[in-house]
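Listed here are the chains, written in short residue letters.
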Amino acid sequence: MTQLYRKKRIEIIVEAARARAIIEMIEAVGAKGYTIVPNVSGKGNRGIRDEAHLSDVFRNVMIIVVAAEEIVRRIVEQSQPLLENYAGIVVVSDVEVIRDEHF
Amino acid sequence: MDTLLQLAIGNLLSPMVLFFALGVAAGWLKSDLAIPEAISKGLSLYLMLAIGFKGGVELASNGVSGAVAVALVLALALSFSLPLLAYALLRAATRLDIPNAAAVAAHYGSVSVVTFVAATGFLGYRSIPYEGYVVAMLALMETPAIVTGLLLARRGMSETTGNRAPLLSREVAREVILSGSVVLLIGSLLIGWMTGQDGMTVMAPAIVDPFKAVLAVFLLDMGLLVGRRLHDFRAVGWPVVAFGLYMPVIGAVIGLLAAHAIGLSLGGMTLVAVLAASASYIVVPAAMRISLPQANPAIYIPLSLAVTFPFNLIVGIPLYYAGAQWLVAL
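Residues numbered from 1 in each chain as written. Chains lettered and ligands numbered in written order. Predicted model: local features only at pLDDT ≥ 70, side-chain atom pairs only at ≥ 80, totals over all residues.

Some remarks on the overall build of chain B
As a reminder, the rule being used: A run of DSSP states H or I qualifies as a helix once it reaches four residues; a run of E qualifies as a strand once it reaches two. Both are numbered from the N-terminal end. Radius of gyration here is computed from C-alpha atoms only, and the compact-globule reference equals 2.2 Å multiplied by the residue count raised to the power 0.38. Residues with at least 20 other C-beta atoms within 10 Å of their own are called buried, those with 12 or fewer are called exposed, and the rest are partly exposed. The C-beta atoms themselves are positioned from the backbone. What counts as a contact here is a pair of residues whose C-beta atoms, placed from the backbone, lie within 7 Å.
Along its length, chain B carries 16 helices and 0 strands. Taking 20 Å as the expected radius of gyration for a compact globule of 330 residues, we find that chain B reaches 19 Å, a close match to that expectation. The C-alpha extent of chain B, read off along each of the three principal axes, is 60 × 50 × 45 Å. Looking at chain B as a whole, 52% of its 330 residues qualify as buried. Counting contacts in chain B only where the partners sit at least 6 residues apart, residues at least 24 apart contribute 87% of the total.

Here is the structure:
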């Protein structure tokens, strides 16, 4: 049976204008990779956000990182100031992965 | 010389304005009519390429003179200074706070490429020529207003909180200076200028005759966007909506007088008035969202897209043209 390894998964839904800053932070704290879902829509405390036309202003993206708990904790802490004045949702969950060395 | 009323009715009954109205109605009534995003992006690229190229060819046939340099300096001056006026008006006449007033002001110093293209369509229906370098003015006017807007916000906010807001980051600078519209406009202007009439012979079947029809299709899409945003008015507030209607007229008057002073033709004056009157809704919102996140995009986007853009398209262009005619006849 394939071995599974415990990791943390952090999901950040943020407006597209802020995605670059978040990704730079994720790389700076030592995560080995990330996944981006480029266009997500939904409703939150800034109303319905689903406008893909014209500009990125009403567009959200989802950034997913799977990493060791220590790194995910650093991402959580550094996300807080970066999300001030921006639409953003941060969710952390426990996951199991194969191929430990990828994370 | 047409009367203002004839001009207004002629404009109102042009296919481009009627298709725009169709789009607004369909968007407002929540019809599922939609132009796929990739196609609407393609149409806007086509329009910018065509207008840049035509401007370049015109420049090649009439030659580059000192007048071009004067016009380009005027473009920079307008874009830098119009936000100062807009900011003063907003702070005096509306309840917008400093970051929101500064963000809105930046939009009104910058320009709307689509409004400009529609104005060239309006001139085209009447076979009124214009100076090719006005297209270069358009490209130059997108960015400076962003700098002024951010300076206004920084000055105002450091007075109240002691915090210094970051001015134009490298990321934003690259985004606005190398924005797709600026690169394509300047690039096709240069190509048109380099290839001249020979180039026009090659390009004409694609960029001259279909131009007005493509513009009409694009305006249908713009109408859909505007129609879907119409319900956002309530969040904006009436004093701010009023600003979105009188600011373009004030800008147009300044633009007309400045263009008259540097000796532009009837067509050129009309276009400079349109540039000074129009407000950005693509480049500036993106820059403001990154550099001035305290300002609310639910104010500045509906204002420039759903108030000022339709106003300029339907009322403004014939009005500014009439003003230019009046100045020429003086």
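Notes on the overall build of chain A
The number of helices and strands found in chain A is 2 helices and 6 strands. In chain A, the succession of helices and strands from N to C terminus is β-α-β-β-β-β-α-β. Considering only C-alpha atoms, chain A reaches an extent of 50 × 30 × 20 Å along its principal axes. Across the 103 residues in chain A, those meeting the buried criterion constitute 27%.

Let's talk about the packing of helix α13 (residues 238-261) of chain B against helix α16 (residues 297-329) of chain B
Residues and elements named next belong to chain B. Applied cut-off: Axis angles are defined between N-to-C directions and span 0 to 180 degrees, where every axis is a line fitted to C-alpha atoms and, for a helix, only to the segment in contact. Each crossing is labelled by how the near helix is turned from the far one, with a counterclockwise turn of less than a right angle marking it left-handed and a clockwise turn marking it right-handed. By the convention adopted, Pro, Cys, Tyr, Trp, Phe, Met, Ile, Leu, Val and Ala count as nonpolar, Lys, Arg, Asp and Glu as charged, and the other residues, Gly among them, as polar.
It is at 8 Å that the axes of α13 and α16 come closest, and there the two elements cross at 35 degrees. At the point where α13 passes α16, the crossing takes the right-handed sense. For the pair α13 and α16, the contacting residues are Val-240, Val-241, Gly-244, Leu-245, Pro-248, Ala-252, Leu-256 and His-260 in the first and Ile-299, Leu-303, Val-307, Thr-308, Phe-311, Asn-312, Gly-316, Tyr-320, Gly-323, Ala-324 and Leu-327 in the second. Residues of the contact of α13 with α16, tallied by class, amount to 13 nonpolar, 6 polar and no charged.

Quick notes on the packing of helix α6 (residues 113-125) of chain B against helix α14 (residues 266-277) of chain B
Helix packing for two helices is described by the angle between their axes and how far apart those axes are. All names here are of chain B. To keep it simple, the criterion reads: With respect to orientation, any angle under 35 degrees is reported as roughly parallel, any angle over 145 as roughly antiparallel, any angle of 65 to 115 as roughly perpendicular, and every other angle as oblique.
Interaxial distance between α6 and α14 falls to 9 Å at its minimum, and their mutual angle equals 155 degrees. One finds that α6 runs roughly antiparallel with respect to α14. Remark: the crossing between α6 and α14 carries right-handed chirality. Across the interface between the two elements, Thr-115, Phe-116, Ala-119, Thr-120 and Leu-123 of α6 pack against Gly-267, Thr-270, Leu-271, Val-274 and Leu-275 of α14. Here the contact of α6 with α14 is built from residues that sort into 6 nonpolar, 4 polar and no charged.

Regarding the sheet that holds strand β6 (residues 88-97) of chain A
Residue and element names in this part refer to chain A. What counts is decided by this rule: Strand pairing is assigned whenever DSSP identifies at least 2 bridges connecting the two strands.
One open sheet holds the 4 strands; their spatial order is β2-β5-β1-β6, and the pairing between them is antiparallel. The strands lining the two open edges of the sheet, one partner per strand, are β2 (35-40) and β6. Ignoring strand direction, the axes of neighbouring strands in this sheet form an average angle of 20 degrees. Pairing geometry for strand β1 (residues 5-15) and β6, over 10 bridges, is antiparallel. Directly across from Lys-7, in β6, lies its bridge partner Val-95.

Examining the interface of chain B and chain A
Taken together, the 13 residues of chain B in the interface contact 10 residues of chain A. Elements that contribute at least two residues to the side of chain B that touches chain A include exactly α15 (283-291) and α16 of chain B. Looking at the side of chain B that touches chain A, the element that brings in the most residues is α15 of chain B, giving 4 residues. Across the side of chain B that touches chain A, the residue classes tally to 9 nonpolar, 1 polar and 3 charged.

Notes on unusual backbone geometry
Excluding glycine, residues mostly have negative phi values, and the peptide bonds linking residues are mostly trans. The phi torsion at Asn-85 of chain A lies on the positive side, around 70 degrees, for a residue other than glycine. Counting through the fold element by element, Asn-85 of chain A comes out in the loop between α2 (69-82) and β6. Residues other than glycine seldom take positive phi values, yet Ser-127 of chain B does so here, at roughly 55 degrees. Position of Ser-127 of chain B among the secondary structure elements: in the loop between α6 and α7 (134-140). Given 7 C-beta atoms within a 10 Å radius, Ser-127 of chain B is considered exposed.

A few points about the pairing of β1 of chain A
Of the strand pairs in this sheet, β1 of chain A and strand β5 (residues 60-67) of chain A are connected by 8 bridges, and their pairing is antiparallel. Within β5 of chain A, the residue paired with Glu-15 of chain A across the bridge is Asn-60 of chain A.

Considerations on the nonpolar core
Threshold: In this description, a nonpolar core means buried residues of the types Ala, Val, Leu, Ile, Met, Phe, Trp, Tyr and Cys, linked to one another by C-beta atoms lying within 7 Å.
Counting 131 residues, the largest nonpolar core has Val-104, Met-137, Leu-138 and Ala-273 of chain B as its most contacted members. Each residue touching Met-137 of chain B, except ones within four places of it in the same chain, is listed here: Ala-71, Leu-72, Ala-75, Val-272 and Leu-275 of chain B.

Some points on helix α5 (residues 98-109) of chain B
Counting along an α-helix, one turn takes 3.6 residues, and residues three or four places apart therefore face a common direction. All names here are of chain B. Note the cut-off: A helix is expected to span 1.5 Å for every residue after the first.
If you check α5, its first and last C-alpha atoms are 17 Å apart, about what 12 residues at 1.5 Å a residue would give, namely 16 Å. Taking burial as the measure, the 12 residues of α5 include 12 buried ones, the bulk of the element. Those residues of α5 that sit buried are Ile-98, Pro-99, Asn-100, Ala-101, Ala-102, Ala-103, Val-104, Ala-105, Ala-106, His-107, Tyr-108 and Gly-109.

Some words on the environment of Asp-32 of chain B
Position of Asp-32 of chain B among the secondary structure elements: in the loop between α2 (15-28) and α3 (37-62). Taking the C-alpha atoms as reference, Asp-32 of chain B lies 9.9 Å from Leu-224 of chain B; in sequence the two are 192 residues apart.

Points about the pairing of β2 of chain A
All names here are of chain A. With 0 of 6 residues buried, β2 is to be regarded as a mostly surface element. Where β2 and β5 come together, 4 bridges link them in antiparallel fashion. Note that in β5 the partner of Val-37 across the bridge is Met-62.

Notes on α3 of chain B
If you check α3 of chain B, its first and last C-alpha atoms are 38 Å apart, about what 26 residues at 1.5 Å a residue would give, namely 38 Å. Immediately beyond the C-terminal end of α3 of chain B, within one or two residues, lies Gly-63 of chain B, with a positive phi of roughly 80 degrees.

A short note on the confidence of the model for chain B
As a note on interpretation, predicted positions should not be read in detail where pLDDT is low. For clarity, the threshold we go by: Within a predicted model, pLDDT stands for the predictor's per-residue confidence, ranging from 0 to 100.
Chain-level pLDDT for chain B is 90 on average; 96% of the residues reach the 70-or-more range. On the interface metric, ipTM, the complex scores 0.77, and its pTM is 0.88.

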